[in-house]
Amino acid sequence: MTIRASIRAHRAPRPDHDGGAPAALVFEGVTKHYGSAVGVESLDLAIPAGELVTLIGPSGCGKSTTLRLAAGLERPNAGTIRVAGDVVADRRRFVYPEQRRVGLVFQDYALFPHMTVAGNVEFGLDRLGRGERRARTGEVLDLVRLSHLADRYPHELSGGEQQRVALARALAPRPAVVLLDEPFSSLDESLRAQVRRDTVATLKEAGTTGVLVTHDQTEALSVGTRVVVMRGGVIEQADTPEKVFEQPATRFVASFMGDADFLPAKVHRALLTCEIGVVSTVPGWADADVDVDVVLRPHEVALLPDPASSARVSAVEYHGAFVLHYVTLASGRTLRSWQPHSVRHPVGTPVAVTVAPGTTPTLLLGDKAITSPPPGSSLKQRSSEPAA
Ligand code: ADP
Ligand code: MG
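In this text the structure is predicted, and so the values were computed from the model without any measurement.

Caption draft 1: Looking closely at the domain arrangement of the protein. When cut into domains, the protein gives domain 1 (18–101 + 175–255) and domain 2 (259–384). With centres defined by C-alpha atoms, the gap from domain 1 to domain 2 works out at 34 Å. Counting residues at the interface gives nine residues for domain 1, matched by 12 residues for domain 2. Across the interface of domain 1 and domain 2, roughly 890 Å² is buried in total on both sides, 48% from carbon and sulfur atoms. Three residues, F245, R251 and A254, lead the burial of domain 1 against domain 2; their summed loss comes to 62% of the area buried on that side. Put simply, the parts of the chain that give the side of domain 1 that touches domain 2 at least two residues each are α8 (241–246) and α9 (251–256).

Written as structure tokens, this is what we have:
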């Protein structure tokens with residue numbers, strides 16, 4: 001290798017490094033099977049230090065398996081897992097959970113019932129001296145605003161407070177990454193939002209990298225700096241919340257993350273049309289002629305009563321702040337439309353359906369989103385082909 005080439009090779013960014021600091025958690029080709037059941041399959045994921053990543057997907061898609069692999073509660077069948085740059089699992093190595101710099105918070109908190117709040121937090125600090133242990137416990141109890149309850153027992157705390165103890169206990173040993181598996185799902189609705197805000201604030205204040213598993217789409221989108229959508233043991237998309245919602249990579253992500261309806265559509269000379277008419281222009285598709293499916297979300301669909309229209313309101317759901325209208329089109333297909341609180345078109349009303357201005361809908365070819373014309377869809381190419 002020449003000197004220049006070696007410098008270049010040296011500088012080439014490694015996928016698990018971000019500006020010099022190693023990623024907090026890295027999976028490379030990680031597979032975990034339980035007998036014939038797939039836990040995760042060839043999982044590749046790098047979580048940069050300081051991020052709060054949310055992991056979402058249907059039940060059984062491998063979310064808990066991913067966390068359990070990172071924590072060392074499962075051994076992978078293949079692949080490499082790194083925590084803060086150190087290999088913790090591969091074909092040869094397996095670092096036990098207590099030796100990994102990983103904190104865990106489960107749904108049921110798993111607090112020790114016979115220990116006080118302070119005792120629970122101190123438990124993971126057995127490698128520190130007595131004085132240091134006390135000081136660190138005081139610090140993290142301050143962080144989760146529970147210092148005044150240090151001598152209470154878990155059964156003397158509310159659900160939200162127990163959750164904060166579990167978080168304090170996970171943070172106490174200064175882990176490189178905290179893994180939270182549906183930590184709010186046993187809290188009732190009224191408490192959930194507050195505890196979620198507190199948890200996110202605490203993780204940010206502590207500067208800790210976090211991976212939060214949730215089955216709640218709003219939670220995934222609002223909490224995560226990045227959202228990882230899983231299905232059947234594989235990652236369908238890992239992106240910013242905005243991208244996951246506005247530019248879903250697959251049909252599955254489009255329908256799983258928020259409500260989505262699909263209509264057969266056509267892009268012809270940069271114009272996207274479907275049953276409801278022209279939806280939008282598609283810049284850069286001037287030569288294209290291609291059949292696609294268009295993804296329409298209820299907030300993008302506009303309605304106006306129109307006696308001449310063959311589309312009819314087929315159901316109305318009152319949601320409080322907004323009213324969801326179901327519209328059956330001439331083809332029998334249904335679109336949904338969010339209308340403001342005060343608008344309610346009765347069932348049977350003929351309505352003209354349009355797409356709100358400024359909408360850039362996702363286009364699907366089969367089950368995958370496309371952002372440029374697929375090969376073979378060009379009018380020019382086709383017109384230059386000899387006639388059969
Ligand atoms: P999630 O947390 O997304 O609901 P899991 O990671 O718990 O999903 O499970 C992924 C798949 O692995 C599921 O099909 C599940 O049934 C299976 N699985 C998980 N743990 C075990 C286990 N200990 N033994 C056998 N199968 C398991
Ligand atoms: Mg789970």
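Caption draft 2: Geometry of the layout of surface pockets. Within this model, the largest pocket holds a volume of roughly 850 Å³. For the largest pocket, the lining is made up of 27 residues, of which P97, E98, V102, G124 and P173 are closest to its centre. Of all the secondary structure elements, the ones that give two or more residues to the lining of the largest pocket are β8 (102–105) and α5 (159–171). The biggest single contributor to the lining of the largest pocket is β8, with four residues.

Caption draft 3: The pattern of salt bridges, seen in detail. Counted by the stated rule, this structure contains 18 salt bridges. A salt bridge links R82 to E28; the shortest N-O distance between them is 2.5 Å. With R82 in strand β6 (residues 78–83) and E28 in strand β3 (residues 25–34), this residue pair connects regions lying 54 residues apart in the sequence. Looking at R82, the relative accessible area reads 11%, which means it is buried.

Caption draft 4: Examining the packing of aromatic side chains more closely. For the structure shown, the criterion picks out four aromatic pairs. Its end group placed over the ring of F262, R251 keeps NZ or CZ at 5.1 Å from the ring centre. The aromatic ring of F245 is capped on one face by R297, whose charged end is 4.2 Å from the ring centroid.

Parameters and conventions
Residues numbered from 1 in each chain as written. Chains lettered and ligands numbered in written order. Predicted model: local features only at pLDDT ≥ 70, side-chain atom pairs only at ≥ 80, totals over all residues. Heavy atoms only, no water. Domains from an automatic or database assignment. Contact = heavy atoms within 4.5 Å. Buried area = accessible area lost by both parts, 1.4 Å probe. Helix = DSSP H or I, 4+ residues; strand = E, 2+ residues; numbered from the N terminus. 1 Å grid on protein atoms, 1.4 Å probe; cavity = no way out; pocket = protein on both sides within 12 Å on 5 of 7 lines; lining within 4 Å. Points joined across faces, edges and corners; volume = space filled by probe spheres on them. Salt bridge = Lys/Arg side-chain N within 4 Å of Asp/Glu carboxyl O. Buried < 20%, exposed > 50% of the residue type's maximum accessible area, 1.4 Å probe, protein only. Phe/Tyr/Trp six-rings, centres within 6.5 Å; stacked < 30°, edge-to-face > 60°. Lys NZ or Arg CZ within 6 Å of the ring centre and 35° of its normal.

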